[in-house]
Amino acid sequence: MRVSNAQRRGEVFVPIHWTDCFTQQARSSALIDSITDPLSGQPESKHGAVALAPLATDWQATLLVAEGAAESTPWCASAYWTRIPMRGCQRWQLANTQSVDDWLAQLRTWLPGDVSVVSQDPTNGRLRAACVENGQLRWWLMVGPPNELPGLAWLEARFNETVLSDTHRRRLLAGCDDGAADTGPVVCSCHQVGQTTIVNAIREGDTSVEALGARLACGTQCGSCIPELKSLIEEERPNARTKQPLATEVV
Ligand code: FES
């Protein structure tokens, strides 16, 4: 859930095109009484009272799993899950109210293959781990809030490599090349556009959802990221330079 000035006061935005295949209890129509207009049959799906309550989670995690790497999805027993298809892998956003004492043991119950690289900080519960089999990246996990994610385009590319190079293998836990510009946490999942990329575009003068879509494609597919794009525009507008209109030459 995101609280944003871009949302009209007294209203909530819930994407309606999601199904149970993509997230737990995702069908917004299940929240609304099944009342239809007697003449047109149109459902009363845009009018309903809403009560919101926070889900007190103990942990959040991002799991990327190569296509065909896991036959089942036991992590869907978590209190919250969302699945986002990517090229060559599936991204899972997970959260649960029950703590995990031993993440490496938990991973053995969830996924095939041994952990190849791992980094763990017991003081704050953060963990990153990945499994490489026969030179191929099979899965990658980060336990921690999603705003700590690297831009996922680099990792997505690694899932599509037949054999990982030693250099890429060494950078797996970082999730980016050494010294590469990080595009920030993903805001638009459909087009894998990161927050830093969007903020830079706004500062360069693309101060509307349409302008960002034309430049970066963000917000042009399912539309779920549009409220977040509007928030970023509002936050960054004071830092945006005025874009000069293109000069037109009349001959
Ligand atoms: S998340 Fe679907 S268009 Fe941005």
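All values derive from a computational prediction rather than experimental measurement.

Caption draft 1: Representation of the overall build of the protein within the structure. When helices and strands are counted, the protein shows six helices and eight strands. Considered along the principal axes of its C-alpha atoms, the protein spans approximately 60 × 55 × 35 Å. When each of the 251 residues of the protein is scored for burial, the buried share is 23%. Sequence separation of at least 24 residues holds for 56% of the intrachain contacts in the protein that already meet a minimum separation of 6.

Caption draft 2: Spatial organisation of helix H4 (residues 195-203). Taken together, the buried positions of H4 are occupied by Thr197, Ile198, Ala201 and Ile202. Along the axis of H4, the buried residues cluster in a sector spanning 135°; they form a single face. In the core, the buried residues of H4 are packed alongside strand E7 (186-188), strand E8 (193-194), helix H5 (209-216) and helix H6 (226-236). The first or second residue beyond H4 is glycine 205, which carries a positive phi of 115°.

Caption draft 3: The arrangement of the sheet that holds strand E3 (residues 89-96) in detail. If you trace the six strands from one edge of the open sheet to the other, you get E2-E3-E1-E6-E5-E4, paired in antiparallel fashion. Looking at which strands have only one partner, the edges of the open sheet turn out to be strand E2 (80-86) and strand E4 (117-121). Averaged over neighbouring strand pairs, the angle between their axes works out to 10° when direction is ignored. In terms of strand pairing, E2 meets E3 through seven bridges, oriented antiparallel. Note that in E3 the partner of threonine 82 across the bridge is glutamine 93.

Caption draft 4: Up close: the domain arrangement of the protein. Along its sequence, the protein is carved into domain 1 (16-30 + 56-178) and domain 2 (183-242). Using C-alpha coordinates to define each centre, domain 1 is positioned 25 Å away from domain 2.

Caption draft 5: Molecular detail of the UniProt feature "domain: BFD-like [2Fe-2S]-binding" (unreviewed entry) in the protein. Look at the UniProt record and you will see "domain: BFD-like [2Fe-2S]-binding" (unreviewed entry) annotated at residues 186-235. As a span, residues 186-235 carries 54% helix and 10% strand, and end to end its C-alpha atoms are 17 Å apart.

Caption draft 6: Here's a closer look at the nonpolar core. Of all hydrophobic cores here, the largest spans 43 residues; its most connected members are Leu63, Trp139, Leu141, Ile198, Cys218 and Leu229. With six residues, the single largest contributor to this core is strand E6 (residues 136-143). The contact partners of cysteine 218, leaving out residues within four places of it in the chain, are Val187, Cys188, His191, Val193, Ile198, Leu212, Gly213, Cys225 and Leu229.

Caption draft 7: Region of the structure containing the packing of H4 against H6. Closest axis-to-axis distance for the H4/H6 pair is 10 Å, and the angle between their directions is 50°. With respect to each other, H4 and H6 are oriented oblique. Relative to H6, H4 is oriented so that their crossing is right-handed. Only Leu229, Leu232, Ile233 and Glu236 of H6 make contact with H4, whose side of the interface consists of Ile198, Val199, Ile202 and Arg203. Here the contact of H4 with H6 is built from residues that sort into six nonpolar, no polar and two charged.

Caption draft 8: A look at unusual backbone geometry. Of note in the backbone geometry, asparagine 134 takes a positive phi value of approximately 50° without being a glycine. By the secondary structure assignment, asparagine 134 is in the loop between strand E5 (126-133) and E6. Here asparagine 134 falls in the exposed class, since 8 other C-beta atoms lie within 10 Å of it. Of note in the backbone geometry, alanine 217 takes a positive phi value of approximately 75° without being a glycine. If you trace the backbone, alanine 217 turns up in the loop between H5 and H6. On the basis of neighbour count, alanine 217 is assigned to the partly exposed category, with 14 C-beta atoms found within 10 Å.

Cut-offs used in this document
Residues numbered from 1 in each chain as written. Predicted model: local features only at pLDDT ≥ 70, side-chain atom pairs only at ≥ 80, totals over all residues. Helix = DSSP H or I, 4+ residues; strand = E, 2+ residues; numbered from the N terminus. Buried ≥ 20, exposed ≤ 12 C-beta atoms within 10 Å, placed from the backbone. Contact = placed C-beta atoms within 7 Å. Arc of directions from axis to C-beta. Pairing = 2+ DSSP bridges. Axes fitted to C-alpha atoms, helices over the stretch in contact; angles between N-to-C directions. Domains from an automatic or database assignment. UniProt positions renumbered as here; feature names shortened; annotations may be inferred. Core = buried A, V, L, I, M, F, W, Y, C linked by C-beta atoms within 7 Å. Parallel < 35°, antiparallel > 145°, perpendicular 65-115°, else oblique. Left-handed = near helix turned anticlockwise from the far one by under 90°. Nonpolar A, V, L, I, M, F, W, Y, C, P; charged D, E, K, R; others polar.

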